[in-house]
Amino acid sequence: EDQVTQSPEALRLQEGESSSLNCSYTVSGLRGLFWYRQDPGKGPEFLFTLYSAGEEKEKERLKATLTKKESFLHITAPKPEDSATYLCAFSNQAGTALIFGKGTTLSVSS
Amino acid sequence: GAGVSQSPRYKVAKRGQDVALRCDPISGHVSLFWYQQALGQGPEFLTYFQNEAQLDKSGLPSDRFFAERPEGSVSTLKIQRTQQEDSAVYLCASSPTAGGEKLFFGSGTQLSVL
C-alpha cells in the first residue's frame with residue numbers, strides 16, 4: 001500500500017538553528033513528491049515538486065531533496081516566520097489525487 | 001479575487017442537518033479538488049473534477065457526501081444527514097492543468113457537527 005510518513009511530528013528550533021524534516025515514502029509508480037506549507041487557519045501553500053531521485057529544489061532558506069525512499073526539507077538559519085506545518089505529499093500512477101502525510105509542525109523562536 | 005475562495009468560513013450544524021459548502025476556484029483553472037482535514041492530520045482526498053466532469057470520487061466517505069461543478073467553475077460539496085464524525089476542515093483546491101499537481105488551496109470551511 002502506498003504511504004508516506006513524516007518525522008518528527010513537531011520540531012522546535014532557535015532562530016538560526018538549521019535542521020531537516022523527513023518524509024519517508026513507499027509508492028509504486030511515483031509521479032511526483034511535493035512539499036507544502038500550512039499556516040494555522042489557512043490552506044496548504046505549494047513549495048516544491050520533485051520528480052526523480054537526486055533532484056534538489058531551493059527557495060530562500062528551504063531546500064528539498066529526494067532519494068528513492070525519502071525526501072528531506074532542509075531549513076537553513078530559520079526565522080520565526082518559518083514557523084508552520086510542513087506537509088509532504090505524493091502522486092502516483094494510479095490517480096490524480098495527492099496523498100498527504102500528517103505533517104511536521106515547526107516552531108522557530110527568536 | 002486572486003485566490004481560491006471558500007464559504008462559509010465556519011459552519012455549525014446539528015446532527016442530521018444537511019450542509020452545503022461552496023468553492024470558487026481561480027478563474028480558468030481546469031482542475032478542482034476537495035479534501036477533508038481532521039485536526040492534527042494531513043488533508044485527505046475526497047473528489048476531483050476536470051472542468052465539469054467528476055473524474056474521481058473514490059475518497060467520498062459515504063453516499064451522504066455529494067459534490068458537483070455544473071458549469072466547470074464553482075463547486076459545491078453537500079453533506080446530507082451530518083454526523084459528528086463529519087466535523088473537520090473541508091479544503092478546496094484548484095489547478096490550471098488537468099491532473100493538477102501544483103494545487104492552490106482555499107482557506108477551508110471548518111464544519112462542526114453538534
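See the structure shown above.
The structure contained in this document is the topic of the report that follows. Because the structure is a prediction, the values reported are computed rather than measured. (Residues numbered from 1 in each chain as written. Chains lettered and ligands numbered in written order. Predicted model: local features only at pLDDT ≥ 70, side-chain atom pairs only at ≥ 80, totals over all residues. Heavy atoms only, no water.)

**Examining the interface of chain B and chain A**
Spelled out, the test is: The contact criterion used is simple: two residues touch if any of their non-hydrogen atoms lie within 4.5 Å. Defined here as a combined quantity, buried area equals the accessible surface (1.4 Å probe) lost by two parts on assembly, summed across both. Salt-bridge detection follows one rule: a side-chain nitrogen of Lys or Arg within 4 Å of a carboxyl oxygen of Asp or Glu. In protein, a polar contact requires one atom able to donate a hydrogen and another able to accept it; more generally it is a pair of N or O atoms within 3.5 Å, and residues adjacent in sequence count only if both atoms are side-chain atoms. Secondary structure elements follow DSSP: runs of H or I no shorter than four residues count as helices, runs of E no shorter than two count as strands, and numbering proceeds from the N terminus.
Tallying the contact residues gives 18 residues for chain B and 18 residues for chain A. Regarding the contact of chain B and chain A, the summed buried area is about 1500 Å², with carbon and sulfur atoms giving 52% of it. Among the residues of chain B in contact with chain A, Pro43, Glu101 and Phe105 of chain B are the three that bury the most area, contributing 36% of the side total. Here chain B and chain A share zero salt bridges between them. Scanning the region where chain B abuts chain A turns up five residue pairs in polar contact (both at pLDDT 80 or more). Of all the secondary-structure elements, those providing two or more residues to the side of chain B that touches chain A are β4 (31-37) and β5 (44-50) of chain B. A per-element tally of the side of chain B that touches chain A places β4 of chain B first, with three residues.

**Quick word on unusual backbone geometry**
The linkage connecting Ser7 of chain A with the following residue, Pro8 of chain A, adopts the cis geometry, with an omega of -10°. Residue placement: Pro8 of chain A occurs in the loop between β1 (3-7) and β2 (10-14). Going from Ser7 of chain B to Pro8 of chain B, the amide bond is cis rather than trans, its omega being -5°. Counting through the fold element by element, Pro8 of chain B comes out in the loop between β1 (5-7) and β2 (10-13). Of note, Asn51 of chain B is a non-glycine position whose phi angle comes to about 55°, a positive value.

**Some points on the pattern of salt bridges**
Once their charged atoms are close, side chains differing in charge can pair, the charge on each being opposite to the other. Residue and element names in this part refer to chain A. Heads up, the rule is: Each residue is placed in one exposure class: buried if its accessible area under a 1.4 Å probe, protein chains only, is under 20% of its type's maximum, exposed if it is over 50%, and partly exposed if it falls in between.
One pass over the full model with this rule turns up seven salt bridges over all chains. One salt bridge in this structure joins Glu56 and Lys63, with 3.9 Å as the shortest N-O distance. In this structure Glu56 comes out as partly exposed when scored by relative accessible area, which is 48%. Looking at Lys63, the relative accessible area reads 27%, which means it is partly exposed.

**Side note on the sheet that holds β1 of chain B**
Residue and element names in this part refer to chain B. Counted only if it meets this: Paired strands, as defined in this entry, are two strands with at least two bridges between them according to DSSP. Lines fitted to C-alpha atoms define the axes, with helix axes restricted to the stretch in contact, and inter-axis angles between N-to-C directions lie between 0 and 180 degrees.
The strand order across the open sheet formed by four strands is β1-β3-β8-β7, and the pairing between neighbours is antiparallel. The sheet is open, and its two edges are formed by β1 and β7 (65-68), each paired on a single side. Each strand axis lies, on average, 15° off the axis of its neighbour in the sheet, ignoring direction. As paired elements, β7 and strand β8 (residues 75-79) share four bridges and run antiparallel to each other.

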